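# Structural overview
Spelled out, the chains give:
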Amino acid sequence: MGITAPAPALRLLSGRRGLMLATILFVNFVVWLDSAKFSLLNPFWSADLHLTPVQISSVTASYLLGYFPLLLLAGVLADRIGAKQMLIICVVGVTVLSATMAFVHTYGEMWWRNFVFGIFFGFLWAPSQRLLSVWFPGALGARATSTWMSSTLIAGVIAPAIALPLANHLSWRDAFLIVAALGVPALILLFVFTANKPEKMRGISADEVLQIRAEHHGAEVREKLTFRELAAALKNRSVLTMVIATGLATTPTWLSGPWLPYGLITLEGVNPDTIAWVSPFIALIPVLFGLINGTLVARFFGGRTRPWLALGPACGAIGFILGVVLHDSSWVVWGLFIGAFAFLCDPMFWGTVNSYWAGIARPEVTGTLNGAAAALQVAVGWFITDLSGNWVNTSATGRAQLDTIWIVGAVLFAVAIVPVLLSREVRVHQAVAAAPSSGPSPVRTPEVAP
């Protein structure tokens, strides 16, 4: 009779997959920093190009127009060709397009530059999720995905400290050129420390490959799937309802990008240098929350993901409504609810939905499912961002001019909860004990609960 031993502690940043995760975190940080500084410098480039509020929303939305079709395509290509290849395309394109901002001088040039930037940006999201799902199954996957989500949010923490002083004391074009340089080390790390499946990672040990396979319950994760297998996953009713939920759940946060800095700098007249050191503390709140999101999902509600997926957009709706109610309050309090509390939805939802996809379908299909869901989310984001310039009430004073924008966002947050509740439950579990003779201790993958 064998003696059962406790499962060893599983660490995110150990072994070769730790290097892979660190690379994914850095790549996402660099690309999202490039995106974050565009919205953050809205008051500078809009004034330089003499744009109206309607033109500001149109330029911002052009990026989303290029972004959303590529999300689905990149997800399918990640499952069919390889996620690593898609990320390389992303970093090369984003780096080049960031540098071209030095040559933009008209509204039309800005519109098309932003549109093409969005196309390359679309190669980031689903391939990143696909790699995480393959390399980090089960409860460890929820932790890895939440940490990854924080790497995208931390760009918003650091962007003000980098972009605003550069734009305020040099020029907004200099901010784009300097950040573009970070794409070079990101590209080198992608070539050296990523692989589409563990067996293909250079320098990985046989023991680490066996450990990852055990966490997949012994099933071999395939590098490529057929189009028939990808299409079969989309026939699941809960997949469709969760895709709809994802299309709405974090969409309103796109409104914060252009209009939060516009409200503070253009309408409120806050010194950009002041925002540069205050706003990182506000943005740090959802980032820090993202680091514990995976642990909270595993421990609360019996490991069930659906309540957590519903709670995320609920926080978003509350944050936007409080932004309306408190539009005459201190700008720090106003920014706290719109830029921090509402943004809790991002780590709560996106940091959890990958575990849901892995539980409702096979992990190799997460690229396609994330691509489909994110494409719908950005499509809705493009639609409302493009219209949002018309919702600015110039007859009001101060930040009250933006109230309609936040009300529309709060309604979308609330509506997203409905399809979440219509989806089947998926539970994530922590590591379980295994006998020493049975090989590496497995981690239970997510289960679908009725």
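Residues numbered from 1 in each chain as written. Predicted model: local features only at pLDDT ≥ 70, side-chain atom pairs only at ≥ 80, totals over all residues. Heavy atoms only, no water.

Here we take up unusual backbone geometry. A positive phi is found at His 50, a non-glycine position, where the angle reads about 60°. Within the fold, His 50 resides in the loop between α2 (42-48) and α3 (53-80). Under the relative-accessibility criterion, His 50 is labelled exposed at 67%. (Helix = DSSP H or I, 4+ residues; strand = E, 2+ residues; numbered from the N terminus. Buried < 20%, exposed > 50% of the residue type's maximum accessible area, 1.4 Å probe, protein only.)

Here we take up the packing of aromatic side chains. For the structure shown, the criterion picks out 24 aromatic pairs. With a centroid separation of 5.9 Å and an interplanar angle of 70°, the aromatic rings of Tyr 63 and Trp 254 are classed as edge-to-face. Residue Tyr 63 is located in helix α3, and its partner Trp 254 is located in helix α13 (residues 253-267); the two are separated by 191 residues in the primary sequence. Centroid distance Phe 320 to Trp 406: 5.2 Å. Interplanar angle 70°. Geometry classified as edge-to-face. With Phe 320 in helix α15 (residues 306-325) and Trp 406 in helix α19 (residues 403-422), the pair connects residues that are 86 residues apart, well separated along the chain. Using a relative accessible area of 0% as the deciding quantity, one classes Phe 320 as buried. (Phe/Tyr/Trp six-rings, centres within 6.5 Å; stacked < 30°, edge-to-face > 60°.)

Each α-helix winds once per 3.6 residues, and so residues spaced three or four apart point in a common direction. Listed in full, the buried residues belonging to helix α9 (residues 183-193) are Gly 183, Ala 186 and Leu 190. In a view along the axis of α9, the buried residues occupy a sector of 60°, so they form one face of it. Considering only its buried residues, α9 is in contact with α1 (15-40), α4 (83-99) and α8 (172-180). (Arc of directions from axis to C-beta. Contact = heavy atoms within 4.5 Å.)

Below, the discussion takes up the confidence of the model for the protein chain. Overall, the predicted model of the protein chain reaches an average pLDDT of 80, with 87% of residues at or above 70. Here strand β2 (residues 447-449) stands out as the element of the protein chain with the lowest mean pLDDT, 44, in contrast to α19, whose mean of 94 is the highest. Within the model, the stretch residues 1-9 combines pLDDT values under 50 with 12 contacts to residues more than four positions away or in other chains. A low-confidence stretch, residues 430-450 stays under pLDDT 50, and its non-local contacts, those more than four residues away or across chains, total 65 contacts. (pLDDT = per-residue confidence, 0-100.)

This paragraph deals with a nonpolar patch on the surface. Taken together, the side chains of Leu 288, Leu 291 and Ile 292 make up a nonpolar region of the molecular surface, amounting to roughly 270 Å² of accessible area. Within the secondary structure, Ile 292 is located in helix α14 (residues 272-299). (Patch = residues over 30% accessible without salt bridge, like charges linked within 9 Å, V, L, I, M, F, W, Y side chains within 5 Å. Areas by Shrake-Rupley, 256 points an atom, 1.4 Å probe, with all protein chains shown as cover. Salt bridge = Lys/Arg side-chain N within 4 Å of Asp/Glu carboxyl O.)

Counted by the stated rule, this structure contains 3 cavities of 30 Å³ or more. Counted as a void, the largest cavity has a volume near 950 Å³. Along its surface, the largest cavity is lined by 44 residues, and Ala 36, Gly 156, Thr 253, Gly 257 and Phe 343 are the ones closest to its centre. Sort the elements by how many residues they give to the lining of the largest cavity and α13 lands first, with 9 residues. Counted by class, the lining of the largest cavity contains 29 nonpolar, 14 polar and 1 charged residues. (1 Å grid on protein atoms, 1.4 Å probe; cavity = no way out; pocket = protein on both sides within 12 Å on 5 of 7 lines; lining within 4 Å. Points joined across faces, edges and corners; volume = space filled by probe spheres on them. Nonpolar A, V, L, I, M, F, W, Y, C, P; charged D, E, K, R; others polar.)

A pair can form between side chains of opposite charge whenever their charged atoms are brought close. For the coordinates displayed, the defined rule picks out 4 salt bridges. In this structure, Arg 399 and Glu 268 form a salt bridge, with 3.0 Å as the shortest nitrogen-oxygen distance. With Arg 399 in the loop between α18 (366-388) and α19 and Glu 268 in the loop between α13 and α14, the pair connects residues that are 131 residues apart, well separated along the chain. For the salt bridge of Arg 306 with Glu 425, the shortest nitrogen-to-oxygen distance reads 3.8 Å.

With that out of the way, let us pick up the packing of α13 against α19. Where α13 contacts α19, the two axes come as close as 10 Å, and the packing angle between them is 165°. Between α13 and α19, the crossing angle belongs to the class labelled roughly antiparallel. Judged by the sense of rotation from one axis to the other, the crossing of α13 with α19 is left-handed. Contacts between α13 and α19 involve Thr 253, Leu 255, Ser 256, Trp 259 and Leu 260 from the first element and Ile 405, Trp 406, Gly 409 and Phe 413 from the second. Looking at the contact of α13 with α19 residue by residue, the classes come out as 6 nonpolar, 3 polar and no charged. (Axes fitted to C-alpha atoms, helices over the stretch in contact; angles between N-to-C directions. Parallel < 35°, antiparallel > 145°, perpendicular 65-115°, else oblique. Left-handed = near helix turned anticlockwise from the far one by under 90°.)

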